[in-house]
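# Analysis of the macromolecular model
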Amino acid sequence: MFVKLNRCKAMARLLLVNLMLCCSVSAYADGNDIVIGQSTALTGILAELGVAHSTGAKAYFDYVNSQGGVNGRKIRLITLDDAYDAKKSLANAKQLIEKEKAVALFGMLGTPANTALLPVLEEANILSFAPVTGADVVRKPFNRRIFNIRAGYTTETEKIIDHLNVRGIKKIGVVVQNNAFGKEGLAGIEQAITKHQLKLSATVSINSDSSDLDKAVSAMEAADVQTIILITAGKPSSDFIQAFNKKVKGMQYFALSVLASQAGITALGKDGVGVIISQVLPFPYSATTALVREYQKVMGKMNVKEYSYLGIEGFLDAKVFVEAIKRAGKDVNSERLITALEGMGRTDFDGFIVNFGKNNHQGSDYAELTVVSKDGRFLR
């Protein structure tokens, strides 16, 4: 009953935030507005991630607008729902560019969507800022139209493998989601494994709808591993852990930052205790840096009560982007923004360093490990 009640409350909050995001499309409708376009998951299996990121970004943009905007202009973030569907995301991107006349795309969610977007960036000559994916596809080869804030999956997986190597764990299993995200994550694992002259004991794939869950669990059980790394997002993560724990007790799980949502941890319940998750943004729950204090303050002013890793990511992405807009001057377009970002160099955003240059569009390599506590919280 308690779980059902929590889910109802979560859905109510989700619907409320979705309504707020929809309303934000026209909140500052003016011919002088700086229009930024975003396609993300406001519904579907990764809805909590998309909503949290967009809410954090919108809170900061709204705060800046309440202070008079940038160079006398307001920022209008138009967020469209793609339900984590690459085809919908691509259609949304074209609408944002052609109809809404966005000067840049912002916080586009997911490896499949950002992969599909690559030719559009070339054709429209438009900037994609802070895509919400750690995949190499938006990092290699170098693309002057893409600027990343979050560290890549390679950095996250290296952090995990380094940790396992120090602990002397050799028998490692990997569960890989059967999509572009899974393939990218596995490539990072293999690179990190090779660095330490280790070998994977088992690699098991799982479909995004968990339709082959039993097969995946059986294959991993047969491998008799010491630890399991999950390169999965959404439903397959909780499904696999819960199913595997019924077969094998005491397994240590590691996961990438895409699992760092409160809904994901809540869905796991007691099975989530002890799961170690890599993070690519500062710890948002404790005001230990000026950035986190500002994040919590602004979210409070905008009446957003829940903090999250994706929330602070959206907030930071917006904060860095506002700085680029300031440097670009009053006549903002993609080319001016690219020039402004490349000229930013090493900049301290209240305790979080972002470093851009003409040949470097990877803003940060920050990564740390957190663990899920008995009461369902993230601990450092």
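Just above sits the structure.
None of the values given here were measured: they were computed from a predicted structure.

## A word on the overall build of the protein
When helices and strands are tallied, the protein shows twelve helices and 14 strands. For a compact globule of 380 residues, the expected C-alpha radius of gyration is about 21 Å, and the protein comes in at 20 Å, within 12% of that figure. In terms of overall dimensions, the protein has a C-alpha envelope of 60 × 50 × 40 Å along the principal axes. The contacts of the protein with a sequence gap of at least 6 include a subset with a gap of at least 24, amounting to 67%. Carbon and sulfur atoms form 53% of the exposed surface of the protein, whose accessible area is close to 16,000 Å². Here the protein contributes 45 positive and 37 negative side-chain charges, whose respective centroids are spaced 4 Å apart.

## Observations regarding the sheet that holds strand 13 (residues 368–372)
The pairing of strands in a sheet comes from backbone hydrogen bonds and takes either a parallel or an antiparallel form. One open sheet holds the seven strands; their spatial order is 7-6-8-9-10-13-14, and the pairing between them is mixed. Each edge of the open sheet carries a strand with a single partner, namely strand 7 (200–206) and strand 14 (378–379). Inspection of the sheet shows strand 9 (residues 252–255) paired to strand 10 (residues 276–279) by two bridges, in the parallel sense. Paired with Phe254 across the two strands is Ile276, which belongs to strand 10.

## Quick word on the packing of aromatic side chains
To describe a pair of aromatic rings, one takes the distance between the centres and the angle between the planes. Within this structure, the stated rule accounts for 17 aromatic pairs. Relative to Phe378, the ring of Tyr309 has its centre 5.7 Å away and its plane inclined at 85 degrees; by these criteria the two rings are edge-to-face. One end of the pair, Tyr309, is in helix 11 (residues 309–328); the other, Phe378, is in strand 14, with 69 residues separating them in the sequence. Exposure class is identical for Tyr309 and Phe378. Each is buried.

## Focus: the packing of helix 5 (residues 153–167) against helix 6 (residues 180–195)
Helix 6 packs onto helix 5 with a crossing angle of 45 degrees between their chain directions and a minimal axis gap of 8 Å. Classed by the angle they form, the pair helix 5 and helix 6 counts as oblique. Here helix 5 runs over helix 6; the crossing is right-handed. The segment helix 5 lies against helix 6, with Tyr153, Thr154, Thr157, Glu158, Ile161 and Asp162 engaging Phe181, Gly185, Gly188, Ile189, Gln191, Ala192, Ile193 and Lys195.

## Considering the sheet that holds strand 3 (residues 104–106)
What the five strands build is an open sheet, ordered 2-1-3-4-5; its pairing is parallel. Pairing within the sheet leaves two strands with one partner each, and these edge strands are strand 2 (75–81) and strand 5 (146–147). Pairing geometry for strand 3 and strand 4 (residues 127–129), over three bridges, is parallel. When the sheet's bridge partners are listed, Phe106 is paired in strand 4 with Phe129. The strands that helix 11 touches are strand 1 (34–40), strand 2, strand 3 and strand 4; relative to strand 3, the one it contacts most, it runs at about 160 degrees.

## Side note on the pairing of strand 9
By the alternation rule, side chains of strand 9 split into Gln252 and Phe254 and Tyr253 and Ala255, which are all buried. Sheet topology note: the strand 8 (residues 227–231)/strand 9 ladder contains four bridges and is parallel. Looking at strand 9, one finds that Ile228 is bridged to Tyr253. Assessed by its sense of winding, the connection that carries the chain from strand 8 through helix 8 (residues 235–247) to strand 9 is right-handed.

## Observations concerning the nonpolar core
In terms of nonpolar packing, the biggest core is built from 76 residues, with Phe61, Phe129, Ile228, Phe240, Phe321 and Leu337 touching the most fellow members. Top element by residues in this core is helix 11. It accounts for eleven residues. In this structure, Leu121, Ile126, Val137 and Ile229 belong to the second largest nonpolar core, which totals 46 residues.

## Concerning the side chain of Asn245
For Asn245, the location among the structural elements is in helix 8. For Asn245, a relative accessible area of 13% gives the class buried. For Asn245, the contacting residues outside a window of four places in its chain are Tyr253 and Asp271.

## Concerning helix 7 (residues 213–223)
Turning to helix 7, its buried residues are Leu213, Ala216, Val217 and Met220. Looking straight down helix 7, one finds that the buried residues subtend no more than 95 degrees of arc, so they occupy a single side. Away from its buried face, by an angle of more than 90 degrees, helix 7 presents the exposed residues Asp214, Lys215 and Ala222. As for helix 7, its buried residues are in contact with strand 6 (172–177), strand 7, strand 8 and helix 8. Positive phi appears at Asp224, one or two residues downstream of helix 7, with a value of about 55 degrees.

Here is what the cut-offs are and how they apply
Residues numbered from 1 in each chain as written. Predicted model: local features only at pLDDT ≥ 70, side-chain atom pairs only at ≥ 80, totals over all residues. Heavy atoms only, no water. Helix = DSSP H or I, 4+ residues; strand = E, 2+ residues; numbered from the N terminus. Rg over C-alpha atoms; globule rule 2.2 N^0.38 Å. Contact = heavy atoms within 4.5 Å. Areas by Shrake-Rupley, 256 points an atom, 1.4 Å probe, with all protein chains shown as cover. Lys, Arg positive; Asp, Glu negative; His and termini not counted. Charge placed at Lys NZ, Arg CZ, Asp CG, Glu CD. Pairing = 2+ DSSP bridges. Phe/Tyr/Trp six-rings, centres within 6.5 Å; stacked < 30°, edge-to-face > 60°. Buried < 20%, exposed > 50% of the residue type's maximum accessible area, 1.4 Å probe, protein only. Axes fitted to C-alpha atoms, helices over the stretch in contact; angles between N-to-C directions. Parallel < 35°, antiparallel > 145°, perpendicular 65-115°, else oblique. Left-handed = near helix turned anticlockwise from the far one by under 90°. Right-handed = clockwise from strand over helix to strand, strands pointing away. Core = buried A, V, L, I, M, F, W, Y, C linked by side-chain atoms within 4.5 Å. Arc of directions from axis to C-beta.

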